[in-house]
Amino acid sequence: MVMFYFSGTGNSKYIAELFCEHQAAACHSIEEEIDFGALIRAEDVVGFCYPVYFSGVPRVMREFVARHLEALRGKRVIVFCTQFMLSGDGTRKFVMLFPEGYMEVIYTEHFFMPNNMNDVPLLPIADETGIERFLVGARRKMEVVCRDVRNGTVKKRGFSIGARLLGLPQIVFMGTMERRANRAVRIDGDCTRCGLCVEICPMGNFSMEGEGVRLNQNCTMCYRCINMCPEKAISVLLSGKVRWQYKGIL
């Protein structure tokens, strides 16, 4: 078994590594420079973990799947989503990236994790105590998930009619937000050109130029740059200075 994850600010990384620790499975970020095709072909069961965005799959994960589609043919697949609020059918959206019957889905689950969208004022912020509550719930759920997987129990969270209805309006909204994010990333005058955003962006959306940082209109809405910028100089969905940053799970 092998698990691949994408994690903007650490939530999905935590869930993927927690699962692999329980299952003694290999765990890899899709940002690593390794032979993913060989790893996929060598395993019968392949897992994926990613943050669900408005009931959809992040573009960076969709592009990863597209690059390795042939290697995934006939595999048994586990899908985990991390979410802050109700995400609808986020795991089903991943399965829809494949032709019908292309692989066997043996387990899907959603995990509630802390909010990292720090430029949307209406969304609540978790303090250390609140973050720990999320983690306690995630660990409890993971114990059940791992027991089910070991016992061969098949569960598909996100495939019910209710989940699909909840996800339908969100996925329409996601398409709009993805297109908007490519144009709406902003860097304010507090930028010191430290180059951290260039280094950590999974999409290469930033590049250093003589007068400052250039935006390449290639954002996957992972919020890594906003939460890690030392000067809080970056915003995505809404303009203006962010007031707090989510540094992930310490």
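Residues numbered from 1 in each chain as written. Predicted model: local features only at pLDDT ≥ 70, side-chain atom pairs only at ≥ 80, totals over all residues. Heavy atoms only, no water.

Here the focus is the overall build of the chain. From N to C terminus, the chain includes 8 helices and 10 strands. Taking 250 residues into account, the globule formula puts the C-alpha radius of gyration at 18 Å, and the chain, at 18 Å, falls close to it. Evaluated residue by residue, the chain yields a buried proportion of 52% over its 250 residues. Residue pairs in contact within the chain that sit at least 24 positions apart in sequence constitute 75% of those at least 6 positions apart. Summed over its atoms, the accessible surface of the chain is roughly 12200 Å², and 53% of this surface lies on carbon and sulfur atoms. Here the chain contributes 31 positively and 27 negatively charged side chains, and the mean placements of these two sets differ by 6 Å. (Helix = DSSP H or I, 4+ residues; strand = E, 2+ residues; numbered from the N terminus. Rg over C-alpha atoms; globule rule 2.2 N^0.38 Å. Buried < 20%, exposed > 50% of the residue type's maximum accessible area, 1.4 Å probe, protein only. Contact = heavy atoms within 4.5 Å. Areas by Shrake-Rupley, 256 points an atom, 1.4 Å probe, with all protein chains shown as cover. Lys, Arg positive; Asp, Glu negative; His and termini not counted. Charge placed at Lys NZ, Arg CZ, Asp CG, Glu CD.)

Its identity is not glycine, yet Arg193 carries a phi of approximately 60 degrees, on the positive side. Mapped onto the secondary structure, Arg193 falls in the loop between strand E7 (186-187) and helix H7 (196-200). For Arg193, a relative accessible area of 35% gives the class partly exposed.

With respect to topology, 6 strands assemble into an open sheet ordered E2-E1-E3-E4-E5-E6, the strand pairing being parallel. Since the sheet does not close on itself, it has two edges, and those belong to strand E2 (26-29) and strand E6 (155-156), each with one partner. Relative to strand E3 (residues 45-51), strand E1 (residues 2-5) runs parallel, the two being bridged by 4 bridges. Residue pairing across strands places Met3 opposite Gly47, the latter belonging to E3. (Pairing = 2+ DSSP bridges.)

Tallied over the full model, the rule gives 10 aromatic pairs. Measuring from centroid to centroid gives 5.4 Å for Phe80 and Phe111, while their planes differ by 85 degrees, and the two rings are edge-to-face. Of this pair, Phe80 sits in strand E4 (residues 76-83) while Phe111 is found in strand E5 (residues 104-112), placing the two residues 31 residues apart along the sequence. The class of Phe80 is buried, set by a relative accessible area of 0%. Residue classification places Phe111 among the buried residues on the basis of a relative accessible area of 1%. Linked through ring pairs, Phe4, Phe36, Phe48, Tyr50, Phe64, Phe94, Phe98 and Tyr102 together constitute an aromatic cluster. Of note, Lys141 hangs over the ring of Phe111, and the distance from its end group to the ring centre comes to 5.7 Å. If you follow Lys156 out to its NZ or CZ, it ends over the ring of Phe159, 5.7 Å from the centre. (Phe/Tyr/Trp six-rings, centres within 6.5 Å; stacked < 30°, edge-to-face > 60°. Lys NZ or Arg CZ within 6 Å of the ring centre and 35° of its normal.)

With that settled, the discussion passes to the pairing of E1. A two-sided burial pattern is seen for E1, the buried positions comprising Val2 and Phe4 on one face and Met3 and Tyr5 on the other. By the bridge criterion, 4 bridges tie E1 to E2 in an arrangement that is parallel. Looking across to E2, one finds that Tyr5 is bridged to Ser29. Running through helix H1 (residues 11-23), the crossover from E1 to the neighbouring parallel element E2 is right-handed. (Right-handed = clockwise from strand over helix to strand, strands pointing away.)

The quantities given are spatial measurements derived from coordinates; they are silent on function.
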